[in-house]
Every structure is written in structure tokens, then in C-alpha cells.
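Survey of secondary and tertiary structure
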Amino acid sequence: MLHSGPVLRTASVAAGLLLLAGCKPPPHPVERVEVVAASLAEAQVLALTPSQLQSELSRRLVPDRGFKLLDSRSRGEEGAVRLTLEVDAVQEQTNASGLPAMEEVTASLGIRRSTEEGVERIALQASRTQAVEGDALEGRQEAARRALDQVLDRLVKEARVHLDARKRDDARLVKDLRAADPLVRDAAAAALVSRRNRAAIPALVERLRGDDPLEVRRAIGGLVELQAREAVPELIEISRGKDPGFLRELVYALGAIGGEEAQAYLYTMSQGHDQPAVRDAARQALEEMGRHGHRGGPPGPSRNASLAPGGSAR
């Protein structure tokens, strides 16, 4: 009896470890990893072949990263995904002397999975920058590859978090919108958008105020998908002081969302903006609104519009 306390505590710790191990989500099965070869042809500074980049991505898909690679005998496993990597851009940023100072790499990862409801797709993008050491080609290549390494790590991490989110019900996803980890919040919002659950709108509006252009564009896309007319004032607010390229994207988004407030803003832009390209984009957006009947009135209800926050639907 004198030793019962330590024995019980040891047993309790062991049981707790087993419980934690059991709570770890199983790895997501991957049946195919592909690289868009043409994208590497435009990224010559990397000096990588498609097969080399495919190996780099596959190497990161080990169980502790949340994935398992299937062999030919296991193809067709339920929930298996296909991953497609594309290098979107490798850009040089020069310093005052005109020599390359930074290399920025941007890449996208497409995730495709067949479900009972059809084909599910998730599109992710990441960008990273690394300083160039020296002015030789080797220095540029080394910086670009370091940036690529960081991009691949980021994309794999995001892919795991997003796939984890797609397995959760709406009530859990609404809670995840307030998670400490921004990746978890982003994945929860994306999953809710894919289910047309308008509970994601406040989180998307908050993300419009961020500094990351990729995150802002994702948020705009989600608001368009949800026809979130309540977000139009914030979309108009973030247009102030933006470059013409971003403004064109924004006016098309407002045209897709519709409503009287968006219509009034687009009319003003079409008549008074000092950039012809922005005026033309606003006119085109107004024409699209007219063709699709988005000029006024409330948007049509989305599939989960009647749910209170925290509800769930499949």
C-alpha cells in the first residue's frame, strides 16, 4: 500500500499519454503528387527539374507532417487527395546599386479529393523572400531555393490544417474562427465558405484589414462566394489609396456581390476615377450586375443562411 500512490500516478501518466496519442488526427492519404512542369521553365534561377521538385514536396509529406504517401496497391483509399504544385513566380528585388538584393518565390498548391458530394478542391498559395548573398548567379539561386523551401513548408502545413478543418462540423468550425493560430482561423473560414455558411463573414471582414495581400484576396474571394453585402462598406473602405491593379479586382468583386451600395460606388468609380482602366472595370462590373440582376434587394439565401452561428449542415 505504501507504493500505491506512485504506481497510480505512473499509470495515470501512461493513460494520459495514450489518450493524447489517440487524439492525434490520422495522416491524410496522398495518392498522387504532381508538379506543373511549365511553371519551372519560367523559374530558371531555381535550376530544378519537375521530378526534383516533386521529391522535395513528397519528402515533406511524412506522417509527422500529417500525410502518408500511398503506394500503387493502396490507390483509391477513401479520402485520398491529389496534390499539384505550381511555381507561380520567382522575382528579383534589386538594391540601390541595381544588383539583386532579394529573391521572392510564390507557389500554389492545389488539393483535389473525391467525396460523396462530388469533387472537393482547395487552392493554397504562399510567398517568401530571402536575401541574396553576393552578386553571382549562385547567390541568387541559393536565395531562391531557401525561399522555395520556406514556401513548401508553409504549403504543406496549410494543406494539413485545411484538410483537418474539412472533417469538422460547422459548430466546431465556428469555434475555430476564434482560435489563437491564424492558420486554424483561416482554414475554418474557408471550410465554412465552402459550405455556404455565412457565419464566416465577420472573420473574413476582419481579415480585410490585414497586411498580407494574399490573405486579403482570399477574404475578398470568400465574401464574393457568400454574396456578403454587409461587407460592402468595408470593401469600399480598403479601396482607398490602393493601386489600379488591386482596384480593378475590387470593383469586379463588388459587382459580383451586388446591392445598391456597391452599385453607387461602382457608378462613381466609372465616372470619376482618374485611371481609365479602373473606370472601364467599374463600367464592366455595373454591366455584369445588370445582367445578373444584382442591382438591389437582398441576395439569395445560401445553403446555410438560416443556421444560427454554431449550427451545422451537410
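About the criteria used
- Residues numbered from 1 in each chain as written.
- Predicted model: local features only at pLDDT ≥ 70, side-chain atom pairs only at ≥ 80, totals over all residues.
- Heavy atoms only, no water.
- Helix = DSSP H or I, 4+ residues; strand = E, 2+ residues; numbered from the N terminus.
- Buried < 20%, exposed > 50% of the residue type's maximum accessible area, 1.4 Å probe, protein only.
- Contact = heavy atoms within 4.5 Å.
- Areas by Shrake-Rupley, 256 points an atom, 1.4 Å probe, with all protein chains shown as cover.
- Salt bridge = Lys/Arg side-chain N within 4 Å of Asp/Glu carboxyl O.
- Core = buried A, V, L, I, M, F, W, Y, C linked by side-chain atoms within 4.5 Å.
- Axes fitted to C-alpha atoms, helices over the stretch in contact; angles between N-to-C directions.
- Parallel < 35°, antiparallel > 145°, perpendicular 65-115°, else oblique.
- Left-handed = near helix turned anticlockwise from the far one by under 90°.
- Nonpolar A, V, L, I, M, F, W, Y, C, P; charged D, E, K, R; others polar.
- pLDDT = per-residue confidence, 0-100.

So, the overall build of the protein
When its secondary structure is counted, the protein shows 12 helices and five strands. The 314 residues of the protein split such that 39% are buried. Restricting the contact set of the protein to residue pairs at least 6 apart, pairs at least 24 apart contribute 63%. Surface accessibility of the protein: about 17,000 Å² in total, with carbon and sulfur atoms responsible for 52%.

Examining the environment of Ala191
Within the secondary structure, Ala191 sits in helix 6 (residues 182-194). For Ala191, a relative accessible area of 0% puts it in the buried group. Between the C-alpha atom of Ala191 and that of Asp164, which follows or precedes it by 27 residues, the distance is 9.8 Å. Not counting residues within four places of it along the chain, the set of residues in contact with Ala191 comprises Ala165, Arg166 and Leu173.

Regarding the pattern of salt bridges
Under the counting rule described, the total for this entry stands at 28 salt bridges. Linking Arg218 and Glu158 is a salt bridge whose minimum nitrogen-to-oxygen distance equals 3.1 Å. Highlighted residues: Arg218 in helix 8 (residues 213-225) and Glu158 in helix 4 (residues 137-166), separated in sequence by 60 residues. Owing to a relative accessible area of 21%, Arg218 belongs among the partly exposed residues under this scheme. Of the charged contacts in the structure, one is a salt bridge between Arg240 and Glu237, with a shortest N-O distance of 3.2 Å. What makes Glu237 partly exposed here is its relative accessible area of 43%. One connected set of salt bridges, linked through shared partners, spans Glu56, Arg59, Arg60, Arg65, Asp149 and Asp153.

A few points about the nonpolar core
In this structure, Ile220, Leu223, Leu235, Leu254 and Leu266 are the most contacted members of the largest nonpolar core, which totals 47 residues. In contact with Leu235, other than residues within four places in its own chain, are Leu208, Ile220, Leu223, Leu250, Leu254 and Ile257. Of all hydrophobic cores here, the second largest spans 31 residues; its members include Leu46, Phe67, Val105 and Leu152.

Description of the packing of helix 8 against helix 10 (residues 244-257)
For the pair helix 8 and helix 10, the least separation of the axes is 9 Å and the interaxial angle reads 20 degrees. Regarding the angle of helix 8 to helix 10, the classification is roughly parallel. Regarding helix 8 and helix 10, the two cross each other, and that crossing is left-handed. Note on element contacts: helix 10 touches helix 8 through Phe246, Glu249, Leu250, Ala253, Ala256 and Ile257, opposite Val216, Arg217, Ile220, Leu223 and Val224. For the contact of helix 8 with helix 10, the residue count by class is nine nonpolar, no polar and two charged.

A few points about the confidence of the model for the protein
Across the protein, pLDDT averages 85, with 84% of residues at or above 70. Per-element mean pLDDT across the protein ranges from 43 in helix 1 (residues 4-23) up to 97 in helix 5 (residues 170-176). Note on residues 1-22: pLDDT under 50 across the span, and zero contacts to partners over four residues away in sequence or across chains. Under a pLDDT of 50 for its full length, residues 297-314 has, in the predicted model, 38 contacts with residues more than four places off or in other chains.

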